[in-house]
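Residue-level listing of the chains:
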Amino acid sequence: MGASPKEHERFDEDTLDPQDWSELRALSHRIVDDAIAYVSGVRDRRVWQEMPQEVRASFATALPLAPTPTEDVYREVAANILGYPMGNIHPRFWSWYMGSSNFTGALGDFLAAIQGSNLGGGNHAAALVDQQVVDWCKEMLGFPASASGTLVSGGSVANIIGLAVARNAKAGVDIRELGVAAIERPLRYYGSDQMHSCHRKAMETLGLGNQALRRIPTDGELRIDLDALRRAITEDRASGFKPACVIATAGTVNTGAIDDLQALASVAAEEDLWLHVDGCIGALIAIAPLNRFRVAGIEKANSVALDPHKWLHAPFEAGCVLVQDAGAHRGTFAVTPEYLVATARGLAAAPWLYDYGLQTTRGFRALKIWMALKEHGIAKFGRLVDQNIAQGQYLSDLIEAEPSLELVAPTNINIVCFRYRGERTQGDELKALNTEIMLRLQDEGTAVLSDTTVHGEHCLRVAINNHRTKRRDLKLLVEEVVRLGREIVRANAAA
Ligand SMILES: *Cc1c(COP(=O)(O)O)cnc(C)c1O
């Protein structure tokens, strides 16, 4: 017996949608109001603060079985989560290397989630937006329209995609079928001793191994030493390796150094190497009128990784990789299973965007970039890059004018490495003193910076990738570092 014709009317199936939208509407309006207050008032709050024990404990509760009213869920978010941020949207956050987000981008993320489209591909508007943002990235960097690219979670994944295409292009065997074991002469990649740690992860993940990535020494400006690079390539050829790829860094994490991209393009051409540029920090200097000369030659790279969540301040996450040879790019990742064959018309009548990377389902991360680029125009973003670089110089000048501070590395762009000198303090003690200054700045909620070691010298590091930073923030930083340095030295002497 089949179901009776009216059977379906007896069912009232469950859904995640509310029965009555009016409450959710009111709550949503409140959330938007609170969000505007949160961002517009960010300067008045501490950059970062330690979480009290009860807040920590709230994240160790068991899997929720019973429902909680949306309003109560939001109340908990507001109290326990929004109150204890990493801090990178604050004007005095200069740690590691992060963008500072933007409200329109956040609306873009919201609307992308509301539409809910899957950017694995398909014939719909979001897919065109995704491709348009990639096209705009090409345009910003001077890549031809025939190049390919894809939006990914961030620079690390953008880099691994570039290095994977390089591997497949240079392996000399069908690596997709046969795997790395079939490579006759082991591949060698080269980068400076300042390159980002994600390249090591990439080499390991690609099955090439960490030792296949040679760290080439850097010059006094922390750029790759070109003679040392040429020597390493010659040496490797003589020892039976196959030099395959040079990874140039446009903006190193430690000091913002930019390798000589023109020279590296020549070396790559002479030596038949793939040139990959890690431009997570610096590629977007290409849009900054006063500084774009620093990345001249980037358009010659075979592939480039860039990070819209850094100097375009897209809310996390948004990275992008561009590949000059679209065929090599697609040829590294494309597979067409029987359930994803394109049709002549309809929703599947479009190129699959998932053919250019590792993900199948892809989020609509393009929208937040697209909206902010339209809203402000590219010239504004270029000026903000110039502004941060000028602020790096301003801070460096303040440091040089202050006898108790010293620069530890040359300032190239927006990253400043310095330390408090402390009379007669050296070595480990100097490191401990500067670390304590850094931690007190955090504890007091004044500023967040990080530290690093450059050519053996420990230092504090200020990376100004922040559209909210003002010069007075940097002035305050210098005053506070000097005050804290004196205070700690005095207390140590008394102890
Ligand atoms: C930030 C950064 C990366 C990694 O990018 P994510 O977006 O954090 O994954 C790689 N290389 C450099 C030079 C970077 O600054």
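Residues numbered from 1 in each chain as written. Predicted model: local features only at pLDDT ≥ 70, side-chain atom pairs only at ≥ 80, totals over all residues. Heavy atoms only, no water.

The name given to the protein chain in an unreviewed UniProt entry is Amino acid decarboxylase, with Ensifer oleiphilus as the source organism. Listed in UniProt under the heading Cofactor (unreviewed entry), the comment for the protein chain reads: "pyridoxal 5'-phosphate". For the protein chain, the Sequence similarities (unreviewed entry) comment in UniProt is given as "Belongs to the group II decarboxylase family." (UniProt positions renumbered as here; feature names shortened; annotations may be inferred.)

A.B. asks: I'm lost on the site of the ligand in this one. Help?
C.D. replies: Taken together, 14 residues are adjacent to the ligand, and Ser156, Asp278, Asp307, His309 and Lys310 come closest. In this structure, Ser156 approaches the ligand through a side-chain N or O atom, which is 2.7 Å from an oxygen atom. The contact in question runs from an oxygen atom of the ligand to an N or O atom on the side chain of Lys310, over 2.8 Å. Considering the ligand on its own, with 370 Å² of exposed area, one finds that the protein chains cover 85% of that surface. At the level of secondary structure, the elements contributing two or more residues to the shell around the ligand comprise helix 6 (155–170) and helix 11 (308–311). (Near = heavy atom within 4 Å. Polar contact = N/O pair within 3.5 Å; in protein donor to acceptor, adjacent residues only side chain to side chain. Areas by Shrake-Rupley, 256 points an atom, 1.4 Å probe, with all protein chains shown as cover. Helix = DSSP H or I, 4+ residues; strand = E, 2+ residues; numbered from the N terminus.)

A.B. asks: Explanation requested: the UniProt feature "modified residue: N6-(pyridoxal phosphate)lysine" (unreviewed entry) in the protein chain in the structure shown.
C.D. replies: With numbering matched to this structure, UniProt assigns "modified residue: N6-(pyridoxal phosphate)lysine" (unreviewed entry) to Lys310. Along the chain, Lys310 falls in helix 11. The class of Lys310 is buried, set by a relative accessible area of 12%. Beyond its immediate stretch of four places on either side in the chain, Lys310 contacts Tyr97, Gly99, Cys280 and Asn465. (Buried < 20%, exposed > 50% of the residue type's maximum accessible area, 1.4 Å probe, protein only. Contact = heavy atoms within 4.5 Å.)

A.B. asks: Mind showing me how you'd approach the side chain of His329 here?
C.D. replies: Relative to the assigned elements, His329 resides in helix 12 (residues 326–333). Look at His329 and you get buried, because its relative accessible area is 0%. The residues touching His329, leaving out its near neighbours within four places in the chain, are Ser148, Gly149, Thr150, Ile161, Val165, Val323 and Tyr356.

A.B. asks: How do you make sense of empty space enclosed by the protein when you look at a structure like this?
C.D. replies: If a probe as big as a water molecule is rolled over the atoms, it shows which places are left empty. This model, assessed by the stated rule, comprises one cavity of 30 Å³ or more. Empty space within the largest cavity amounts to approximately 30 Å³. Every residue lining the largest cavity is listed: Asn88, Phe93, Trp94, Ser95, Met98, Gly99, Ala463, Asn465 and Asn466. (1 Å grid on protein atoms, 1.4 Å probe; cavity = no way out; pocket = protein on both sides within 12 Å on 5 of 7 lines; lining within 4 Å. Points joined across faces, edges and corners; volume = space filled by probe spheres on them.)

A.B. asks: I keep staring at the state of the cysteines and nothing clicks. Help me out?
C.D. replies: As enumerated under the stated definition, the model contains zero disulfides in all. The closest cysteine sulfur to the non-disulfide-bonded Cys137 is located on Cys320, 4.0 Å from its own sulfur. (Disulfide = S-S within 2.5 Å.)

A.B. asks: I'm lost on the sheet that holds strand 4 (residues 242–249) in this one. Help?
C.D. replies: The pairing of strands in a sheet happens through backbone hydrogen bonds and is either parallel or antiparallel. Read across the sheet, seven strands follow the order 1-7-6-5-4-2-3 without closing on themselves; strand pairing throughout is mixed. If you trace the sheet from one side to the other, it starts and ends with strand 1 (148–152) and strand 3 (213–216), each paired once. In this sheet, adjacent strand axes meet at a mean angle of 20° when their direction is disregarded. In the sheet, strand 5 (residues 274–279) pairs with strand 6 (residues 303–306) via four bridges, with the strands oriented parallel. Bridge assignment links Gly279 to a residue of strand 6, and that residue is Leu306. Of the strands in this sheet, strand 2 (187–192), strand 3, strand 4 and strand 5 are in contact with helix 8 (residues 198–205), which crosses strand 3 at around 155°. (Pairing = 2+ DSSP bridges. Axes fitted to C-alpha atoms, helices over the stretch in contact; angles between N-to-C directions.)

A.B. asks: Which parts of the structure should I look at to understand the pattern of salt bridges?
C.D. replies: Charged atoms that come close allow side chains of opposite charge to pair. What the rule picks out here adds up to 29 salt bridges. Ionic pairing is found between Arg362 and Asp130, a salt bridge with its closest N-O pair at 3.4 Å. A residue pair is termed long-range when its members are at least 10 positions apart, and Arg362 in the loop between helix 12 and helix 13 (366–376) and Asp130 in helix 5 (residues 125–141) qualify at 232 residues. Both residues of the pair, Arg362 and Asp130, belong to the buried class. Among the ionic contacts, a cluster of salt bridges with common partners joins Glu436, Arg440, Glu444, Glu480, Arg483 and Glu487. (Salt bridge = Lys/Arg side-chain N within 4 Å of Asp/Glu carboxyl O.)

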